[in-house]
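Breakdown of the fold
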Amino acid sequence: MKMYTEGAKLYCFDNRIVLEASNHIGMLPYVVETKRNLSSLLGSHEVMKDESTEIANWGTPTRPLFHSSEDIKDLVNLGLTERSICSQIIPLLIEKNDHCRIIKVLNDFKDVPESILVLLLSYAIKLVNPNNIDVTNNEEFLKICEGDLQSEGTKAHNTKLNFLNYVLRIPVSDATLVPYLKNGLTLDNALFLMSYISYLLVDSEMEIHIEYESKLLDWCTLLMDAFYQQYLMTKDEKVTFVLETMKRIVDNLVDQLMVVDSLLPKLHQTVCGKQANDDVDD
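All values derive from a computational prediction rather than experimental measurement. (Residues numbered from 1 in each chain as written. Predicted model: local features only at pLDDT ≥ 70, side-chain atom pairs only at ≥ 80, totals over all residues. Heavy atoms only, no water.)

1. Let's talk about the overall build of the chain
A count of helices and strands for the chain gives 12 helices and three strands. By sequence separation, contacts in the chain at least 24 residues apart represent 65% of the contacts at least 6 residues apart. Here the chain displays about 19,100 Å² of accessible surface, and carbon together with sulfur accounts for 54% of that area. (Helix = DSSP H or I, 4+ residues; strand = E, 2+ residues; numbered from the N terminus. Contact = heavy atoms within 4.5 Å. Areas by Shrake-Rupley, 256 points an atom, 1.4 Å probe, with all protein chains shown as cover.)

Quick look at the structure:
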């Protein structure tokens, strides 16, 4: 296609990048998964559009005031990105076994590197399940999930469970996380996570919002992709037990969606004041 232009030109519209160069046009669809990807390029904070009007107070100090914890304030002042700061701070806190401080520090971050996230997952699993309980032992597994342990205080164990729940809520990029999961977690870790997610989806009394439920299902997909070959090659009963449990949960969710799908036309007719052709009792 003759373009008769000098140099290359780049356009973006309708979630597509269009490159006009020489006698060719290239088109590439794209999706920006999360806002955090821009953070690594632009600095340590997400760019916000501020349209409010502020009256200057000339008595304020010229040094900017950073709303961050003391652990990272010096690094923020250096202009390091969130990913760089996270990579320096989190491993040190894990070595100190201070999971409460880790949560406080993570509250300042929107962009957590995939390697650090997997490190946090491995650390959280060791906190919650230090004795590596067999996931097929329902009695012992429920004690871990419900915080009913006599070996340590219930309050302390619930704090560790909250830490694991917090880590599972951290935004991630699915495409880049799978290799880190393969190298950073063991098969037993993956089975425990899938079992714990199954507990949260079905048996837990904790209130789970739609976004968190969707995030938990995404984690199951990631764990399936990361350990797919090991699931196929391993004939361990634990693997079969965990996968069959997850399959029953997914089948049940699909059945519920099918019921809702069958009711939607009738609900639409009812809202519009139209009488259904088929008898509802049938």
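2. Some thoughts on the packing of helix α5 (residues 114-128) against helix α9 (residues 187-202)
Packing of α5 against α9 brings their axes to within 11 Å, and their N-to-C directions diverge by 75°. Taken together, the axes of α5 and α9 are roughly perpendicular relative to one another. Across the interface between the two elements, Leu121, Ile125 and Val128 from α5 touch Asn189, Phe192 and Leu193 from α9. Along the lines of polarity and charge, the residues of the contact of α5 with α9 split into five nonpolar, one polar and no charged. (Axes fitted to C-alpha atoms, helices over the stretch in contact; angles between N-to-C directions. Parallel < 35°, antiparallel > 145°, perpendicular 65-115°, else oblique. Nonpolar A, V, L, I, M, F, W, Y, C, P; charged D, E, K, R; others polar.)

3. Overview of the sheet that holds strand β3 (residues 24-29)
Backbone hydrogen bonds hold the strands of a sheet together, and the pairing may be parallel or antiparallel. An order of β1-β2-β3 is seen for the three strands of this open sheet, with the pairing classed as antiparallel. For this open sheet the edge positions go to β1 (9-13) and β3, each flanked by a neighbour on one side alone. The mean angle between the axes of side-by-side strands here comes to 20°, regardless of whether they run parallel or antiparallel. Judged from the six bridges that link them, strand β2 (residues 16-21) and β3 form a sheet pairing that is antiparallel. By the bridge assignment, Val18 is partnered in β3 with Met27. (Pairing = 2+ DSSP bridges.)

4. Section: a nonpolar patch on the surface
A cluster of nonpolar side chains, contributed by Val259, Val260, Leu263, Leu264 and Leu267, occupies part of the molecular surface with about 450 Å² of accessible area. By secondary structure assignment, the location of Leu267 is in helix α12 (residues 237-272). (Patch = residues over 30% accessible without salt bridge, like charges linked within 9 Å, V, L, I, M, F, W, Y side chains within 5 Å. Salt bridge = Lys/Arg side-chain N within 4 Å of Asp/Glu carboxyl O.)

5. So, α12
In a regular helix each residue adds 1.5 Å, so 36 residues correspond to 52 Å; α12 covers 53 Å between its end C-alpha atoms and thus fits that length. At Leu264, α12 shows its maximal bend, which comes to roughly 35°, and the proline Pro265 appears one to four places after that position. Of the positions making up α12, those classed as buried are Lys238, Val239, Val242, Thr245, Met246 and Ile249. Looking at the buried positions of α12, the neighbouring elements they touch are α9, α10 (210-226) and α11 (228-233). Two or three places before Lys238, at the opening of α12, Asp236 has a side-chain oxygen 3.1 Å from that residue's backbone nitrogen. Following α12 by one or two positions, Gly273 has its phi on the positive side, about 80°. (Expected span 1.5 Å × (residues − 1). Bend = angle between axes of the 7 residues up to and from the residue. Buried < 20%, exposed > 50% of the residue type's maximum accessible area, 1.4 Å probe, protein only. Polar contact = N/O pair within 3.5 Å; in protein donor to acceptor, adjacent residues only side chain to side chain.)

6. Details of the environment of Leu181
Inspection of the secondary structure assignment puts Leu181 in helix α8 (residues 174-184). It is 9.5 Å that separates the C-alpha atoms of Leu181 and Asp225, two residues lying 44 residues apart in sequence. Among all residues touching Leu181, those that are not within four sequence positions of it are Val118, Leu121, Trp219, Leu222, Ala226 and Phe227.

7. Quick look at the packing of helix α3 (residues 82-95) against helix α4 (residues 99-106)
As a packed pair, α3 and α4 sit with axes 9 Å apart at the nearest point and diverge in direction by 165°. Taken together, the axes of α3 and α4 lie roughly antiparallel to each other. Viewed along their axes, α3 and α4 form a crossing whose handedness is left-handed. From α3, Cys86, Ile89, Ile90, Leu93 and Ile94 reach across to α4, where they touch Arg101, Ile102, Val105 and Leu106. (Left-handed = near helix turned anticlockwise from the far one by under 90°.)

8. Describing unusual backbone geometry
Within the chain, Asn97 stands out as a residue other than glycine whose phi angle is a positive 60°. Counting through the fold element by element, Asn97 comes out in the loop between α3 and α4. Positive phi values are uncommon outside glycine, yet Asn132 reaches one of about 55°. Mapped onto the elements of the fold, Asn132 is located in the loop between α5 and α6 (138-146). Given a relative accessible area of 48%, Asn132 falls into the partly exposed group.

9. Some thoughts on the pattern of salt bridges
Applying the stated criterion to the full structure yields six salt bridges. Lys247 serves as the salt-bridge partner of Asp251, at 2.9 Å between the closest nitrogen and oxygen. Highlighted residues: Asp251 and Lys247, both in helix α12, separated by four residues, approximately one helical turn. You can call Asp251 partly exposed: its relative accessible area is 33%. Taken together, the shared-partner salt bridges connect Arg83, Asp111 and Glu114 into one network.

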